[in-house]
Structure formats: C-alpha cells, structure tokens
Amino acid sequence: MNYLTKRLSTAALALLVALPAAAAEYTMRLSHGDNENNPTHKGALKFEELVEKYSDGRIDVQIFPSNQLGSEQEVAQALRMGSIESEILYTGNLVPLAPSVGVMMLPYAFTSNEEAHAAMDALKGPLNERLPKEAGVRVLGYFEKGFRVLTNGEREVKTLEDLKGLKIRVSKNNIAIETFKSWGLDPIPMAWAEVFPALQQGVIDGQENPYTTAISSKFYEVQKYITEVHYLIWSGPIIVSDRFYQGLPEDLQAALDKAGEEAASYEREVSAKETAAAKEKLVELGMTLTGAPEDEEKWQEAAKALWPSFAADIGGEEWVNEATQIMNEAIG
Ligand code: MLT
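Residues numbered from 1 in each chain as written. Predicted model: local features only at pLDDT ≥ 70, side-chain atom pairs only at ≥ 80, totals over all residues. Heavy atoms only, no water.

Considering the overall build of the chain
- Counting secondary structure elements, the chain contains 14 helices and 11 strands.
- The principal-axis extents of the C-alpha atoms in the chain amount to approximately 90 × 45 × 35 Å.
- Each of the 332 residues in the chain was classed as buried or not, and the buried ones make up 52%.
- Residue pairs in contact within the chain that sit at least 24 positions apart in sequence constitute 75% of those at least 6 positions apart.
- Carbon together with sulfur atoms contributes 51% to the accessible area of the chain, which is approximately 14,500 Å² in total.
- Of the side-chain charges in the chain, 31 are positive and 50 negative, and the distance between the mean point of each set is 5 Å. (Helix = DSSP H or I, 4+ residues; strand = E, 2+ residues; numbered from the N terminus. Buried < 20%, exposed > 50% of the residue type's maximum accessible area, 1.4 Å probe, protein only. Contact = heavy atoms within 4.5 Å. Areas by Shrake-Rupley, 256 points an atom, 1.4 Å probe, with all protein chains shown as cover. Lys, Arg positive; Asp, Glu negative; His and termini not counted. Charge placed at Lys NZ, Arg CZ, Asp CG, Glu CD.)

Below is the structure:
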C-alpha cells in the first residue's frame, strides 16, 4: 500500500467511526407514572427492547418514567393530540378520557390475576374498535400488578367500621370515588404524583395501590397497615396515539402489537414474583398485613350494588353488556 492509499484508508476508517449508528425512522416516547423500581418500568424496558427488535431498529423507543412528561391523565390527552406517542397508565387514570376501558374497573369483577388476564386479552380487539374514536388511542397490551391493597398510617382496618373517618386518596374517576363512598367514606381524588407527599404531610391517611407499589414508592416509610381489599386488580394498558399508529407502515404496526402483547406477558410474570417478595419485605419493614377484611362480604355487597349506576361512566349499557359477556366467556 503506497503512502497516499494508506492515508486515504485511515481517513475512511476515521469517518466510519465518527458516523452515528443509522438513525431510526420513528421516535416513540413512552411515558409512565411509576419509578424505575416498579414492575411497570421493567415491562416498559422489555417493550422498548421488543419494539426495537421487531422493527429492526426503525422505531426508537424512549422511556420517561415517574410522570416526567406530565400526569397520567395529561399525557393521555397529549396522545389524543398526537404530541406524545405512547404511555402505560393505570386504567383508573384513563377512564375519564376513554370510558370504555372502565369495564376493567367494575369492583369485584375478578377473583384472581388469571381471570383479569383472560378478560384484558379478550377485550383488546373490541376496545381497539372503540378507543380511537373515544380517545384517539389504541391498546397494544395490558399490564397487571395484582389487587390494589389499602394502606393507612392510623389503624388496622379489619372491618368497614374501622375504615370510618379515614382520609383515603383514590384515583380521579367516578368508579373509585363511588366505590369508597359505598363503604361510608368521603374519599379524596388526587393525581398519582401527589400521593407520597400528601401521605408524608398528613393531608391523607391512606391510599390504595398494589403491594409492589408500596415497595417501589416507599410507602412503608409513611404507612403502617395494609388490608387486602380484593375489589380491584391494577390493570394498565400500553396505549399508543392512534395518529402515530396510523402514520406507520403495516409491518411496523404489527411490530408494535406483537411487542405490546409479549411485553405484557413478561410484566405480568415479573409482577407476580415481585408481589410475593414485596409482601415479605413489607412485614420485615414493620408493616402490619391484615389480609382480607373480616366482613368482606359487606364490602362486596355495597360495591357490587353500584354496577348498574356505573354504566354511564364506562361506555353505556350496550357496551357494558357486550364487554361483560366477552369477559365472562374469556374467564370461562
Ligand atoms: C394510581 O393510583 O393513580 C395508579 O395506580 C398509579 C400507577 O400508575 O401506578
């Protein structure tokens, strides 16, 4: 190799090293409201990996945890406008914008995680017929974190009587508010990001969320008691802006759907393992785990009596009948 050739090939090599990796064709910001220790974030990382794999790097997913892009409800609004591409959020925070997802919120509809999985998976198609029109979003897959459990810092709650007078935060939707009212409380609707400081400052006495959230959000620092109210399973769809989705070629739409379903299966497994570990850890950290209320049937009776009155909040009677039939058939 003469001197000139050698200089040229060295220059070409330097240029290659300096070039960035081929840029993705699409950027997909993914917002969620939990911190990096929560199963939601672990599922989000899996989703990122799978989307990038199935799209051959043509879609670049960028995850924003801990409400960095706004509250769950604000980001859902942004998805409708197409100004943010995707989000994973608690169904209870989506329902004011997309009422049809509220069928997953009917109190005491499920007795196990497996029943909720069957229902969520069966509802994905029918929901995707409705949500683009209702809220400008589509569901790619459903995360699940087990039952929401009631925590408080005041006293052990074994009965409805013990609950009386506690200031409990609920998510901002009518179903949660009315359910807690049926138990004799005046619940406090509040955005998720405000919950920890409100517990710390005594603005509220308690809240309800899965066991894994009690660990990831360090509720054990400000709460003492946990009651397993089996009224609602934490379900959370991965949603994508319909504008963004419709702007993708078909092969990339399929890549998103496949990645969403697989990431959901992964997250559900992580969540089941972490829930078992969280229960042990919370006891070690000094919390009292009470289990189910002694008078659980009274809680159930009061909340289930509300089902007919929820129809207007969750997509209307016709949809509720259709969806409950789909869910019942899926559960078997
Ligand atoms: C809530 O209570 O608002 C949610 O369950 C928080 C979350 O998305 O984990």
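Let us keep going from here.
Description of the sheet that holds strand β2 (residues 59–64)
- One open sheet holds the 5 strands; their spatial order is β2-β1-β3-β10-β4, and the pairing between them is mixed. Of all the strands in the sheet, the pair left with one neighbour each is β2 and β4 (137–147). Strand-to-strand twist across the sheet, computed as the mean angle between neighbouring axes with direction ignored, equals 20°.
- Note: β4 against strand β10 (residues 233–241), 8 bridges, orientation antiparallel. Across the sheet, arginine 138 pairs through a bridge with valine 240, a residue of β10.
- Taken strand by strand, helix α3 (residues 72–81) contacts β1 (26–32), β3 (86–88), β4 and β10, and its axis lies near 150° from that of β3. (Pairing = 2+ DSSP bridges. Axes fitted to C-alpha atoms, helices over the stretch in contact; angles between N-to-C directions.)

Some remarks on unusual backbone geometry
- Positive phi outside glycine occurs at aspartate 56, with the angle close to 55°.
- Mapped onto the fold, aspartate 56 is located in the loop between α2 (39–54) and β2.
- Within the chain, asparagine 67 stands out as a residue other than glycine whose phi angle is a positive 55°.
- Looking at where asparagine 67 falls in the secondary structure, it is placed in the loop between β2 and α3.
- A relative accessible area of 15% means that asparagine 67 is categorised as buried.

Quick notes on helix α11 (residues 250–284)
- Its 35 residues give α11 an end-to-end C-alpha distance of 50 Å, which sits within 8% of 51 Å, the value for a rise of 1.5 Å per residue.
- Residue glycine 286 follows α11 closely and has a positive phi angle near 100°. (Expected span 1.5 Å × (residues − 1).)

Let's talk about the sheet that holds strand β9 (residues 225–227)
- Taking strand neighbours across the sheet as the criterion, the 4 strands line up as β8-β5-β9-β11 in an open arrangement whose pairing is mixed. Each edge of the sheet is formed by a strand with only one pairing partner; in this case those strands are β8 (206–209) and β11 (288–289).
- Pairing between strand β5 (residues 149–152) and β9: 3 bridges, direction antiparallel. Paired with asparagine 152 across the two strands is tyrosine 225, which belongs to β9.

So, the side chain of threonine 179
- For threonine 179, the position within the fold is in helix α7 (residues 174–182).
- Given a relative accessible area of 1%, threonine 179 falls into the buried group.
- Not counting residues up to four positions away in its chain, the partners in contact with threonine 179 are Pro107, Tyr231, Ala303, Leu306 and Phe310.

Things to note about the pairing of β8
- Side chains Gly206 and Glu208 project from β8 onto one buried face, and the interleaved Gln207 and Asn209 project onto a second face that is buried too.
- Two elements, β5 and β8, share 4 bridges in a ladder whose sense is antiparallel. If you follow threonine 151 over to β8, its bridge partner there is glutamine 207.

Things to note about the site of the ligand
- For the ligand, the full set of nearby residues is Asp34, Glu72, Tyr90, Asn93, Lys145, Arg148, Arg169, Trp192, Asn209 and Trp234.
- Contacts to the ligand include arginine 169, whose side-chain N or O atom sits 2.7 Å from an oxygen atom.
- Isolated, the ligand exposes 270 Å² of accessible area, and the fraction of that covered by the protein chains is 100%. (Near = heavy atom within 4 Å. Polar contact = N/O pair within 3.5 Å; in protein donor to acceptor, adjacent residues only side chain to side chain.)

Some words on the packing of helix α5 (residues 113–135) against helix α14 (residues 317–331)
- Relative orientation of the contacting elements α5 and α14 amounts to 140°, with a least axis distance of 8 Å. Considered as vectors, α5 and α14 are oriented oblique to each other. Considering how the two elements wind past one another, α5 and α14 form a crossing that is right-handed. Between α5 and α14, the residues in contact are Glu115, Ala118, Ala119, Ala122, Leu123, Pro126, Leu127 and Arg130 and Trp319, Ala323, Ile326, Met327, Ala330 and Ile331, respectively. (Parallel < 35°, antiparallel > 145°, perpendicular 65-115°, else oblique. Left-handed = near helix turned anticlockwise from the far one by under 90°.)

Here we look at the environment of alanine 264
- Looking at where alanine 264 falls in the secondary structure, it is placed in helix α11.
- For the pair alanine 264 and tyrosine 142, spaced 122 residues apart in the sequence, the C-alpha separation amounts to 5.6 Å.
- Alanine 264 has contacts with Gly141, Tyr142 and Phe143, leaving out every residue within four places of it along the chain.

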